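Working through the structure, step by step
In case you want the letters, here they are:
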Amino acid sequence: MQVLKFGGTSVANAENIRKVVSIVTAAKQKDKTIVVVSALGGVTDLLLSASSLAAEGDDSYKEKLAVVEQRHLEAVKQLIPVAQQSQLLSLVKKSCNELEDICSGIYLLRELTTRSKDRIASYGEWLSSRIIAETILSNGVEVAWKDSRELIITNSNYTAAEVDFTATAEKVRQYFSSSEAGLFLLPGFISADKKGITTTLGRGGSDYTAAILAACVDAVNLEIWTDVSGMMTADPRLTANARIIPRISYQEAMELSHFGAKVIYPPTIQPVMNKRIPVWIKNTFAPQDEGTLIEAAASKTGNIVRGISSINNIALLSLEGSGMIGIPGFSKRLFEALSNERINVILITQSSSEHSICVAVDSSAAALAKQVVDAAFANEITLQKVEPLTIENELSVAALVGENMKSHPGISGRMFSAMGKNGVNIRAIAQGSSEKNISAVISTKDVRKAINVLHEEFFETTYKQVNLFIAGTGNVGAKLLGQLQKQLGFLQQQMKLQVRLVGVSNSRKMLLKEEGINLEKWKGELENGESASLESFVEGIISRNLRNSIFVDVTANDKVAAVYDKLLQKSISVVACNKIAASSAYEQYKRLKDLANEFNCQFLFETNVGAALPIIGTLNDLLRSGDRVNRIDAVLSGTLNFVFNNYDGSRPFAEVVKQAQDEGYTEPDPRLDLSGTDVMRKIMILAREAGEKIEMNEISNESFMPESCMQGSVADFYAAMAKEEKHFKALFDNAAKAGCKLKFVATFNNGKAAVGLQHIDPAHNLYHLYGKDNIVLFYTERYPEQPMVVKGAGAGAEVTASGVFADIIRASR
Ligand code: ADP
Ligand code: ASP
Ligand code: MG
């Protein structure tokens, strides 16, 4: 004997039912076969919603029932030859008239009992099973149809009836042993109590019907046919990367289904496990796929964590109070109060100080739970030994399942750290002593992210998904997007990083696309995006709540710098080419660094100093390894170095500055470079990274720019510089006379920072510095005389973009 169960999607319409018939026909050749079917997909929902509408006095219940009728009539017409249709069509009509009558009674009374609910829902399986049986018969295959209500006997706990296994086993054995048929077909889900009144086994209960029958007839096999090719490592609707688990133990399958894996109804495993009947999960739409085998022994091969699942609609109840310490019986009374009301406890934690007990229950039971628990502890509450029960809603449970987890230390550590890095706050934790399951209670809005993060951590050692949000598509931004596009393949193959651009914005337009923006077409897509709003861009990043999110600021805008705070607090890393934040008031700089620490993410701004040159990274490495900075000498302005390297009086100074701007080395307003302000910001950032609490106004600046050049617009600035040509020529001539070059030098020494134009003689370390290069000399305890030198191109969109890119990779890992 074998038992095959087909779920709602498998029998949703005529086309699918034909597939089912062909699977059944083939199976029957091998062995005596029992087939259990669900209602046509969606019909149970329609029936139950019709009954609720009727009870609310809403006569649109009739529309729902009309859909139910239509779907069944349609199926009959498509599946059964015309000449044989009439009997079945009138059966469908008669049933639907009965449903109308029942619902109209409910509508008039405005009263819906659980008993009526079961009666109404039972029509779904009853009709589907009749239609499928007739279809098989009309294909010339003999099949015996049997009403499950005559075999499966339960108590009268309507909508979730409990099976009387002794009575059921007797009826089932008697029926099947006395029949000669080789193929049986029965409705799932429905049963009857001792008085013969219809009950149901709970939503999704057709699986259970099949398992009960399999256990009672000692079937050799139970096959659950559904719309996926097996039990998967996580809910495929939450994780695109979920994959089929080839083999899993009964215990593991039970844990996974209890913790939300919808593919099998939780009670299903118990009866077949007791009889060691193997269970296969198979796909009606891909019967050739192997599927999942659920069996006795846990497979030692494969992943340590077998699967990840989640349950929504969880409420956390906490009972706390100093009076609880050391007094036995508190938890007993709590659980008694809950169980008297049949409130199912999903998870329990108790702190070792015994100050508090936390239990998770379904949200729908929370109000009742509070009522009964507060009543049970009324005395202690009055005496202030115990606080009234507190309830937290909108929670979910995320769980790791796997029997082999117990022999591998560190699983929970990895679980919590992966979630922590992504800002998933854990409200409570439970690990059964059998260690088949580790569960965490988290906010419902974090579920999708948490499941993906955990899936990545335990199943996708192959790669990690990184979600990017880029603000700014100017010089550097556009280059960065180009570099990303070129490197995507390499990052995936070599670095195991799957980088996805989810958001991009400039000052005019913005675009957010969770499935990812095509890096070849971002420009066009952004043009067609919505009008830019920094606030809604940030809101879009936060509300999407994607794992491994990184915000990249390639603007020079103070408003953009002001949003880091909010993002870091959501554990979203920030990579900034924008210097404004790191060079703002020390308190703000420090706050952002602290936030990154506190919320387990990164705040990186290597390109703030020397573009892509590894200056901040080198300084950090020196300090982390225990070195201390004595002095820093540096040329940190690519613009100024370019200008003084190219100016010898033969061309006007203003023209050389213009060239630097045209070639993309300057800040959008070149005065920030020429005035030395930009260099002040850079040396301040280095000083701060070296541990100095320093502000802009503490840095001395010997500006070489005449006052007249610093007023008005950028155009005014160029005009004024042209007028001051003599001044610039004199600066050059004086240096040349002394055999020196002009360099705009920044120093940090003994806690003091200064910037200014200096004469540099040929023997000096800073002399040989060409083009737009930067140089930094670190004099430290380990490098007291011969400094550690970092030197190279310190400006330009392409190199800056590559520095931002490197920070993105750093933040991803
Ligand atoms: P049926 O109607 O055949 O009983 P269900 O809808 O009850 O099917 O269950 C199958 C669905 O369960 C799949 O379509 C899938 O979306 C969902 N599901 C949730 N978690 C898992 C999981 N871990 N593995 C496979 N499917 C899962
Ligand atoms: N039809 C019932 C439901 O939708 C039972 C089942 O399909 O397993 O809950
Ligand atoms: Mg199901």
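The following paragraphs examine the structure supplied in this document. Fair warning: this is a prediction, and the values are worked out from it, not measured in the lab.

About the cut-offs
- Residues numbered from 1 in each chain as written.
- Chains lettered and ligands numbered in written order.
- Predicted model: local features only at pLDDT ≥ 70, side-chain atom pairs only at ≥ 80, totals over all residues.
- Heavy atoms only, no water.
- Near = heavy atom within 4 Å.
- Polar contact = N/O pair within 3.5 Å; in protein donor to acceptor, adjacent residues only side chain to side chain.
- Nonpolar A, V, L, I, M, F, W, Y, C, P; charged D, E, K, R; others polar.
- Buried < 20%, exposed > 50% of the residue type's maximum accessible area, 1.4 Å probe, protein only.
- Helix = DSSP H or I, 4+ residues; strand = E, 2+ residues; numbered from the N terminus.
- Pairing = 2+ DSSP bridges.
- Axes fitted to C-alpha atoms, helices over the stretch in contact; angles between N-to-C directions.
- Parallel < 35°, antiparallel > 145°, perpendicular 65-115°, else oblique.
- Left-handed = near helix turned anticlockwise from the far one by under 90°.
- Contact = heavy atoms within 4.5 Å.

1. Notes on the site of ligand 1
Residues in close proximity to ligand 1 total 17 residues, the closest being Gly8, Thr226, Asp227, Met232 and Lys262. Between an oxygen atom of ligand 1 and a side-chain N or O atom of lysine 5, the distance comes to 3.1 Å. Separating an oxygen atom of ligand 1 from a side-chain N or O atom of threonine 226 is a distance of 2.7 Å. Within the shell around ligand 1, the residues separate by chemical class into seven nonpolar, five polar and five charged.

2. A few points about the pairing of strand 6 (residues 190-193)
Residues Ile190 and Ala192 line one face of strand 6 and the alternating positions Ser191 and Asp193 line the opposite face, and both faces are buried. The pairing of strand 4 (residues 153-154) with strand 6 spans two bridges and is classified as parallel. Residue isoleucine 153 lies in a different strand from strand 6, and its bridge partner there is alanine 192. Relative to strand 7 (residues 198-200), strand 6 runs antiparallel, the two being bridged by three bridges. Across the sheet, the residue bridging to isoleucine 190 is threonine 200, located in strand 7.

3. Digging into the packing of helix 21 (residues 616-624) against helix 25 (residues 677-689)
As a packed pair, helix 21 and helix 25 sit with axes 10 Å apart at the nearest point and diverge in direction by 20°. Comparing their axes, helix 25 and helix 21 come out roughly parallel. Viewed along their axes, helix 21 and helix 25 form a crossing whose handedness is right-handed. Every residue of helix 25 that contacts helix 21 at Ile616, Leu619, Asn620 and Leu623 is listed here: Ile685, Leu686 and Glu689. Each residue belonging to the contact of helix 21 with helix 25 can be placed in one class, and the counts come to five nonpolar, one polar and one charged.

4. Here we look at the side chain of serine 571
Structurally, the position occupied by serine 571 is in the loop between helix 19 (564-568) and strand 23 (573-576). The exposure class of serine 571 is buried, given its relative accessible area of 8%. In this structure the side chain of serine 571 is engaged in a polar contact, spanning 3.3 Å, whose partner is the backbone nitrogen of glycine 423. Within polar-contact distance, the side chain of serine 571 engages the backbone oxygen of phenylalanine 599 at 2.9 Å. Setting aside residues up to four positions removed in sequence, serine 571 forms contacts with Gly420, Lys421, Asn422, Gly423, Phe599 and Cys601.

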